[in-house]
Amino acid sequence: MVETPRDTLDRLTQARGTSLSALSRMLGRNVAYLQQYVRRGTPRVLPERDRRELAAFFGVEEAVLGGPASTAPVLVRVPYLALAASAGPGATAAEERVLRYEAFAPEALRAAGMAAADASIIDVRGESMAPGIRHGDRVLVDRAARTVSSTGDLFVIRVDDLLSLKRVRRAGDTLVIASDNPLYPTTERLLRDVAVIGRARMLLRDL
């Protein structure tokens with residue numbers, strides 16, 4: 001049996017663990033909009049704008065949601081947030097709002113071990129992670145990866161409302177927070193006192 005665009009949308013929604021009502025709100029529609037499309041066939045075809053937004057969200061071609069076949073590569077939109085993670089003493093967390101969206105190939109995100117829905121981009125400020133990560137760089141953050149292991153990794157964290165990019169590892173109920181620059185000290189904080197925002201999966205540097 002051939003899968004219809006309605007079937008595809010229903011399947012993708014369930015696989016992502018979201019809901020048709022949540023997706024309807026994302027599109028700026030009433031909460032029953034996509035439910036009516038999937039269950040009742042109204043509208044008969046998704047408008048181009050809605051189809052494009054949904055295709056970008058799921059990282060699929062518009063054609064599977066009823067759009068025309070395209071020979072262009074499929075890209076997904078990743079939000080570039082008005083936040084800066086300090087690679088220094090710490091930066092006060094600003095309001096989280098989207099400055100713009102940047103296009104990524106789904107294959108690149110999968111190769112980095114993350115899903116498009118969990119990705120965001122933030123700026124780096126300061127020199128505590130130099131020379132590998134410099135002031136003015138950006139990082140692609142995986143907000144679904146918030147578990148810190150004993151071997152550690154590069155994470156964006158919030159401590160006392162200060163946002164930082166650091167190497168973090170777990171030692172019992174404590175997180176050891178370190179910089180790459182030896183001029184900056186290593187600190188320890190109780191696990192409950194640190195909000196792990198996500199793992200930095202990819203360094204983005206403008207040439």
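Here's what I pulled together on the structure shown here. (Residues numbered from 1 in each chain as written. Predicted model: local features only at pLDDT ≥ 70, side-chain atom pairs only at ≥ 80, totals over all residues. Heavy atoms only, no water.)

## Digging into the pattern of salt bridges
Here is the rule we go by: A pair is scored as a salt bridge if a Lys or Arg side-chain nitrogen falls within 4 Å of a carboxyl oxygen belonging to Asp or Glu. Put simply, DSSP marks the helices as runs of H or I at least four residues long and the strands as runs of E at least two long, and each gets a number from the N terminus on.
For the structure on display, the rule yields 16 salt bridges. Put simply, Arg29 and Asp50 hold a salt bridge, and the shortest N to O gap is 2.8 Å. One end of the pair, Arg29, is in the loop between helix 2 (20-26) and helix 3 (33-40); the other, Asp50, is in helix 4 (residues 48-58), with 21 residues separating them in the sequence. One salt bridge in this structure joins Arg201 and Asp142, with 3.0 Å as the shortest N-O distance.

## Some thoughts on empty space enclosed by the protein
Empty space among the atoms becomes apparent when a probe as large as a water molecule is rolled across them. Just so we agree on the cut-off: Here the term cavity refers to a set of points on a 1 Å grid, laid over the protein atoms alone, in which a 1.4 Å probe fits but cannot get out; the term pocket refers to an open set having protein on both sides within 12 Å along at least five of seven lines, with lining residues being those that place an atom within 4 Å of a point. Grid points are joined across faces, edges and corners, and a volume is the space filled by probe spheres set on the points. Residue polarity is assigned by list, with Asp, Glu, Lys and Arg as charged and Ala, Val, Leu, Ile, Met, Phe, Trp, Tyr, Cys and Pro as nonpolar; anything else, Gly included, falls into the polar class.
Counted under the stated rule, the structure contains one cavity of 30 Å³ or more. In this structure, the largest cavity encloses a volume near 40 Å³. Forming the boundary of the largest cavity are Leu83, Ile122, Val141, Arg143, Val156, Leu163 and Ile197. Each residue belonging to the lining of the largest cavity can be placed in one class, and the counts come to six nonpolar, no polar and one charged.

## Considerations on the packing of helix 1 (residues 5-16) against helix 3
Quick reminder of the rule: Axes here refer to lines fitted to C-alpha atoms; in helices the fit is confined to the stretch in contact. Angles between the N-to-C directions go from 0 to 180 degrees. Here the word oblique covers every angle except those under 35 degrees (roughly parallel), over 145 (roughly antiparallel) and from 65 to 115 (roughly perpendicular). Crossing chirality is assigned from the near helix's rotation relative to the far helix, an anticlockwise turn below a right angle marking it left-handed and a clockwise turn marking it right-handed. In this description, contact between two residues means that some pair of their heavy atoms is separated by no more than 4.5 Å.
Between helix 1 and helix 3, the least distance of the axes is 9 Å, while the angle of their chain directions is 130°. Considered as vectors, helix 1 and helix 3 are oriented oblique to each other. Helix-helix and strand crossings are classified by hand; for helix 1 and helix 3 the assignment is left-handed. Residues Pro5, Arg6, Leu9 and Asp10 of helix 1 lie in contact with helix 3, whose contacting residues are Leu34, Tyr37, Val38 and Arg39. Looking at the contact of helix 1 with helix 3 residue by residue, the classes come out as five nonpolar, no polar and three charged.

## Concerning the packing of helix 1 against helix 4
Across the interface, helix 1 lies against helix 4 with an axial gap of 11 Å and an inter-helix angle of 40°. Classified by the angle between their axes, helix 1 and helix 4 sit oblique to one another. The handedness of the crossing between helix 1 and helix 4 is left-handed. Across the interface between the two elements, Leu9, Leu12, Thr13 and Arg16 of helix 1 pack against Leu54, Phe57 and Phe58 of helix 4.

## Regarding the environment of Thr4
Among the structural elements, Thr4 can be located in the segment before helix 1. Through-space distance from the C-alpha of Thr4 to that of Arg169 is 47 Å; in sequence the pair is 165 residues apart.

## Let's talk about the nonpolar core
Among soluble globular proteins, nonpolar side chains are generally buried collectively. To keep things clear, this is the line we draw: As used in this record, nonpolar core signifies buried Ala, Val, Leu, Ile, Met, Phe, Trp, Tyr and Cys residues forming a set joined through side-chain atoms within 4.5 Å. Only protein chains enter the calculation, and the probe is 1.4 Å; a residue is then buried if its accessible area is under 20% of its type maximum, exposed if over 50%, and partly exposed in between.
Residues Ile122, Val139, Val156 and Leu165 are the most contacted members of the largest nonpolar core, which totals 16 residues. Elements represented by at least two residues in this core include exactly strand 1 (76-86), strand 4 (119-125), strand 5 (138-142), strand 6 (153-159), strand 7 (162-171) and strand 10 (195-204). Among the elements that line this core, the one with the most residues is strand 1, at three residues. Apart from the residues lying within four places of it in its own chain, the contact partners of Val139 are Ser120, Ile121, Ile122, Val124, Leu165, Ala200, Met202 and Leu203. By size, the runner-up hydrophobic cluster in this structure holds 15 residues, among which are Leu9, Leu12, Tyr33 and Phe58.

## Notes on the pairing of strand 6
Inclusion rule: DSSP bridges decide pairing: two strands pair if at least two such bridges lie between them.
Buried residues dominate strand 6, accounting for five of its seven residues. In terms of strand pairing, strand 6 meets strand 7 through seven bridges, oriented antiparallel. If you follow Asp153 over to strand 7, its bridge partner there is Val168. The hairpin turn running from strand 6 into strand 7, its antiparallel successor, is two residues long, and Asp160 in that turn takes a positive phi close to 55°.

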